[in-house]
Amino acid sequence: MTSPDTADREKVVSKLPPALQQALKVRAAQHGTDIQHAVEAGITAWRRLGANLPAADTGGAKPFATFLPTGQWDEFREACASRGVSLIQGLTQSVLFWLDANPAPGVVRPEHPKRIVICNQKGGVGKTALAAGVGEAFAEDSEQLHPVRISKHFAAALLEPDTEPASRLDYEDLPGLGLRVLLVDFDPQCHLTNQLGHEPLPIEGDSLTKHMAGEAKGELRDLIVPIGEARFGDRLHLLPACTDAFLLDVKLSSVRAREAALERVLGTVEGDYDVVIIDCPPSLGLSMDAAAYYGRRRDGEAPGNSGILIIVQAEDSSADAYGLLTNQIEDLRGDMHLELDYLGIVVNHYDARRGYIATSSLQSWIDIKDPRVVGVIGDLKEQKEAVRLKRPLLAYAPRCDQAVGMRAQGVCLAHEISLVSARMPTAWSQRGA
């Protein structure tokens, strides 16, 4: 958490069991409050009790410090003395009382599964890395805290002249989103499948392509595999790719209502998930049309819940490819009367050390206001290492800059800003400004 405002407060030092300290930290974050206010509320409620609580286990208590309103600690000392309990016992009971009164909020399941179509017909921009990283961020445990921070380059781009940047670079320890996620490898190159340690589906067997072409041999859900990392529980799943997807555009040309082919197929499983992420191939063919249609806004769905997330790099060829992609999306919007939302632009593989081309290109992307840049991810070694080891980035290096940036991206896409902006750096609430 960022440093709280300590005006009219005094620092107090006592002890609490380590497990209780961690539980307090997580629960306070889940409820969008500071530890100091949680302890204050717990002490206030404890002092109002008409009878003593049963003694709590304070074994192994470690130093604990917080800030309380001036005078509250002295009053608490007197209350503990009058009740015949130690300060540590009274504080432990107060914190436990607050935890009981403020249970962990459940993960809210969306009425419509969030469908994120990650695309750019230019290869090598890092679509797969973003698809995996954002999916992993969505699936992390909501009962644990994870470090989150936007890129320093993105923060700097959002700053007004003469604005102090430090607060925008603070890490936030925030609860995971705890959502059920399906990653769909829609690319015949099978990069997402391979990066997450799975084998592509055999070409002679069943596949997403065969389901979309009406040649299915079984149930689609039988093809889905879990990503076996403890930090994701059983919330992160993958629909592996098959190289027969190279034939998808040809097969779709003879399919009735081919734009809806992906939706018809994924509709059989999407009820099991809160988020479905499509890692698109570098293509502008019929498969891209089907992916974009799948990401359209459905009846009753809130604007921005689902849509297109465009991944680019800070260099000139990405700008050329961006123009072709947005032209296709605008044609689909017009020809099929689709409500197809842009979720924004993410500038990936950014490295300011590449000089003027990188920095000026980033500024050019920032200057686009519709759709807006919603994230900048640096080009660092941990992602490459995770790929080599065939492990999810957020499991391999959960505290690296790329991982904390992926979590920031996940929080923004989850539209959690309204819930957590009070405890986030200012730049987060100005997402894409």
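Calculation criteria
- Residues numbered from 1 in each chain as written.
- Predicted model: local features only at pLDDT ≥ 70, side-chain atom pairs only at ≥ 80, totals over all residues.
- Heavy atoms only, no water.
- Axes fitted to C-alpha atoms, helices over the stretch in contact; angles between N-to-C directions.
- Helix = DSSP H or I, 4+ residues; strand = E, 2+ residues; numbered from the N terminus.
- Left-handed = near helix turned anticlockwise from the far one by under 90°.
- Contact = heavy atoms within 4.5 Å.
- Nonpolar A, V, L, I, M, F, W, Y, C, P; charged D, E, K, R; others polar.
- Salt bridge = Lys/Arg side-chain N within 4 Å of Asp/Glu carboxyl O.
- Buried < 20%, exposed > 50% of the residue type's maximum accessible area, 1.4 Å probe, protein only.
- 1 Å grid on protein atoms, 1.4 Å probe; cavity = no way out; pocket = protein on both sides within 12 Å on 5 of 7 lines; lining within 4 Å.
- Points joined across faces, edges and corners; volume = space filled by probe spheres on them.
- Phe/Tyr/Trp six-rings, centres within 6.5 Å; stacked < 30°, edge-to-face > 60°.
- Expected span 1.5 Å × (residues − 1).

1. What to know about the packing of helix H2 (residues 35–48) against helix H3 (residues 72–83)
Packed helix pairs are characterised by how far apart their axes lie and by the angle those axes make with each other. Where H2 meets H3, the axes come as close as 11 Å, and the angle between the chain directions of the two elements is 35 degrees. As H2 packs across H3, the resulting crossing turns out to be left-handed. Each of Glu40, Ile43, Thr44, Trp46, Arg47 and Arg48 in H2 lies in contact with H3, whose residues at this interface are Gln72, Trp73, Glu75, Phe76, Ala79, Cys80 and Arg83. Across the contact of H2 with H3, the residue classes tally to six nonpolar, two polar and five charged.

2. Digging into the pattern of salt bridges
Enumeration according to the criterion identifies 24 salt bridges in this entry. In this structure, the salt-bridge partner of Asp272 is Arg221, at a minimum N-O distance of 2.7 Å. Of the two residues, Asp272 sits in the loop between helix H10 (261–266) and strand E9 (275–279) while Arg221 sits in the loop between helix H8 (208–212) and strand E7 (225–226), which places them 51 residues apart along the sequence. Using a relative accessible area of 36% as the deciding quantity, one classes Asp272 as partly exposed. Among the ionic pairs, Glu229 bridges to Arg391, the shortest N-O distance being 3.1 Å. With Glu229 in the loop between E7 and strand E8 (236–239) and Arg391 in the loop between helix H14 (381–389) and helix H15 (393–396), this residue pair connects regions lying 162 residues apart in the sequence. Assessed through its relative accessible area of 31%, Arg391 is described here as partly exposed. Three or more residues are tied together by salt bridges with common partners; here these are Glu263, Glu270, Arg296 and Arg298.

3. Let's talk about empty space enclosed by the protein
Gaps left between atoms show up when a probe the size of a water molecule is rolled over them. A full pass over the atoms with the stated rule returns five cavities of 30 Å³ or more. Put simply, the largest cavity is a space of about 80 Å³. For the largest cavity, the lining is made up of 14 residues, of which Asp185, Leu208, Thr209, Cys242 and Ala245 are closest to its centre. The element that contributes the greatest number of residues to the lining of the largest cavity is H8, accounting for three residues. In terms of residue class, the lining of the largest cavity is built from nine nonpolar, two polar and three charged. Looking at the second largest cavity, its volume works out to about 70 Å³. What lines the second largest cavity is simply Ile150, Ser151, Phe154, Val374, Gly375, Val376, Ile377, Gly405, Ala408, Gln409 and Cys412. If you list the elements that add at least two residues to the lining of the second largest cavity, you get strand E12 (373–378) and helix H16 (401–413). Partitioned by chemical class, the residues of the lining of the second largest cavity number seven nonpolar, four polar and no charged.

4. Some details on the packing of aromatic side chains
Following the criterion strictly, the structure yields three aromatic pairs and no others. With 5.3 Å between their ring centres and 70 degrees between their planes, Trp46 and Phe76 make a pair best called edge-to-face. Taken together, the residues span a long stretch of sequence, with Trp46 in helix H2 and Phe76 in helix H3 at a distance of 30 residues. In terms of burial, Trp46 and Phe76 fall into one category: buried. When the ring of Trp73 is compared with that of Phe76, the centres are 5.3 Å apart and the planes differ by 40 degrees; the resulting orientation is tilted.

5. Looking at the layout of surface pockets
Reported here for the second largest pocket is a volume of approximately 300 Å³. Around the second largest pocket, the lining comprises 20 residues; the ones closest to its centre are Gly124, Gly126, Lys127, Thr128 and Gln195. For the lining of the second largest pocket, the secondary structure elements donating two or more residues are helix H5 (127–139), helix H7 (191–195) and H14.

6. As for helix H4 (residues 87–101)
When the terminal C-alpha atoms of H4 are compared, their 21 Å separation across 15 residues agrees well with the 21 Å that a helix rising 1.5 Å per residue should span. Structurally, H4 contributes buried residues whose contacts are with strand E1 (9–16), helix H1 (18–30), H2, strand E2 (62–69) and H3.

7. Description of helix H12 (residues 316–336)
Between the first and last C-alpha of H12 there are 31 Å, a value that for 21 residues agrees with the 30 Å anticipated at 1.5 Å per step. Those residues of H12 hidden inside the fold are in contact with strand E3 (114–119), helix H11 (286–294), strand E10 (307–313), strand E11 (342–350) and helix H13 (356–367). Looking one or two residues past H12, His337 carries a phi angle of roughly 55 degrees, positive in sign.

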